[in-house]
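# Structural overview
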Amino acid sequence: MKLTFYGHACFLVEVSGSKILFDPFITPNENASHINVNDIDCDYLFLSHAHGDHIADAVTIAQNCKPEIVANYELATWLQGKELSNVHPMNQGGSKAFDFGSVKVTPAIHSSSFDDGSYGGNPCGFLITSNEGNFYYSGDTALDMNMQLIPRGAKLNFSILCIGDTFTMGVDDAIIAADFVQCNKVVGMHFNTFPPIKINTEDAKVKFRNAGKELILLDIGETRDI
Ligand code: NI
Ligand code: MN
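Report follows, based on the coordinates.

## Some words on the coordination of the manganese ion (ligand 2)
Coordination sphere of the manganese ion (ligand 2), protein contribution only: Asp53 (OD), His54 (NE2), Asp140 (OD) and His190 (NE2), at 2.1 to 2.2 Å. Written as a sequence motif, the donor arrangement for the manganese ion (ligand 2) is D-H-x85-D-x49-H. On the basis of relative accessibility, which here comes to 2%, the residue Asp140 falls in the buried class.

Now the structure itself:
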């Protein structure tokens, strides 16, 4: 699998011949000013919830790339209202097969409203399984006992967990989450984008190392095999 970080909670994962993009928030992200949204190519677009810091560039990218889109029912309905096709409404607990393998929509403890305050459905994460490997994208969430169910669904190669605290799990809870999902290779997200989620990344890496785990923090625009 190949992983590219586009800042905040936005990743592109290349798996089993498909490119899956998660939660694009690029044009409003000052730290990602060197990324051109129009250069991004994807076959799938997965959206974890309706907050602006997760869907800011979703419509632009969907219009450019015509991906299959997976989102909760309310967010999916909103996207269909933007004349987008190939939208798959899903919800927590549901699974669906696609070209790359399958996705299961996992619970997330968070909120989910659109910028105008209207209801954005339930927030979620995603468990992706494929012939090439498996991974978990937590979405914005608190540490949750439900994460202990993830290893029943798949043995993970890596997981993408929020670590920025204040609005989601912080580093200490993400280390416990890594135990719950039984995967010691963690890619951090949702940190340093805004002042309230600024963290000391070196301290975070040391904490993970001391817990026998690896915290991978990519530069924005960086790609690596994983
Ligand atoms: Ni959020
Ligand atoms: Mn967020």
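## Observations regarding the sheet that holds strand E6 (residues 87-90)
Hydrogen bonds between backbone atoms are what pair the strands of a sheet, whose relative direction is either parallel or antiparallel. Strands sit in the order E6-E5-E4-E3-E2-E1-E14 across an open sheet of seven strands; the sheet is mixed. At either margin of the open sheet sits one strand with a lone partner, and together these are E6 and strand E14 (223-225). Strand after strand, the sheet turns through a mean of 20° between neighbouring axes, direction not considered. Summarising the sheet, strand E5 (residues 68-72) and E6 pair through four bridges and their orientation is parallel. Residue Ala71 lies in a different strand from E6, and its bridge partner there is Pro89.

## So, the coordination of the nickel ion (ligand 1)
Protein coordination at the nickel ion (ligand 1): the donors are His49 (NE2), His51 (ND1), His110 (NE2) and Asp140 (OD), at 2.2 to 2.4 Å from the metal. If you look at the nickel ion (ligand 1), its four donor atoms make angles of 85 to 180° with each other, and the shape they trace is irregular. One chain supplies every donor to the nickel ion (ligand 1), and in sequence these donors are spaced H-x1-H-x58-H-x29-D. Separating the nickel ion (ligand 1) from the manganese ion (ligand 2) is a gap of 3.0 Å, which Asp140 spans by donating to each of them.

## Side note on the sheet that holds strand E11 (residues 158-162)
An order of E7-E8-E9-E10-E11-E12-E13 is seen for the seven strands of this open sheet, with the pairing classed as mixed. On the outer flanks of this sheet lie strand E7 (95-98) and strand E13 (214-216), each paired with one strand and no other. Within this sheet the neighbouring strands show an average axis-to-axis angle of 20°, counted without direction. Alignment of E7 against strand E8 (residues 101-107), held across four bridges, turns out to be antiparallel. Residue pairing for E8: Phe98 is matched across the bridge by Gly101.

## As for the packing of helix H5 (residues 171-180) against helix H6 (residues 201-210)
With their axes 10 Å apart at the nearest point, H5 and H6 run at an angle of 35° to one another. You can see that H5 and H6 cross each other, and the crossing is right-handed. Between H5 and H6, the contacting residues are Val171, Asp172, Ala174 and Ile175 on the first element and Ala204, Lys207 and Phe208 on the second. Considered class by class, the residues forming the contact of H5 with H6 number five nonpolar, no polar and two charged.

## Observations regarding the pairing of strand E2 (residues 11-15)
Among the five residues in E2, four count as buried, and that is most of the element. Bridge count for strand E1 (residues 2-5) against E2 is four bridges, and the pairing is antiparallel. The residue of E2 that forms the bridge with Thr4 is Leu12. Hairpin connection between E1 and E2: a loop of five residues separates the two successive antiparallel strands, and Gly7 in this loop has a positive phi of roughly 100°. Both E2 and strand E3 (residues 18-22) contribute to a ladder of five bridges, which runs antiparallel. Within E3, the position partnered with Val15 by the bridge is Ser18.

Parameters and conventions
Residues numbered from 1 in each chain as written. Chains lettered and ligands numbered in written order. Predicted model: local features only at pLDDT ≥ 70, side-chain atom pairs only at ≥ 80, totals over all residues. Heavy atoms only, no water. Donors = N, O, S within 2.8 Å, 3.2 Å for Na, K, Ca; no water. Buried < 20%, exposed > 50% of the residue type's maximum accessible area, 1.4 Å probe, protein only. Pairing = 2+ DSSP bridges. Helix = DSSP H or I, 4+ residues; strand = E, 2+ residues; numbered from the N terminus. Axes fitted to C-alpha atoms, helices over the stretch in contact; angles between N-to-C directions. Tetrahedral: all angles 85-135°; square planar, octahedral: opposite > 155°, others 65-115°. Left-handed = near helix turned anticlockwise from the far one by under 90°. Contact = heavy atoms within 4.5 Å. Nonpolar A, V, L, I, M, F, W, Y, C, P; charged D, E, K, R; others polar.

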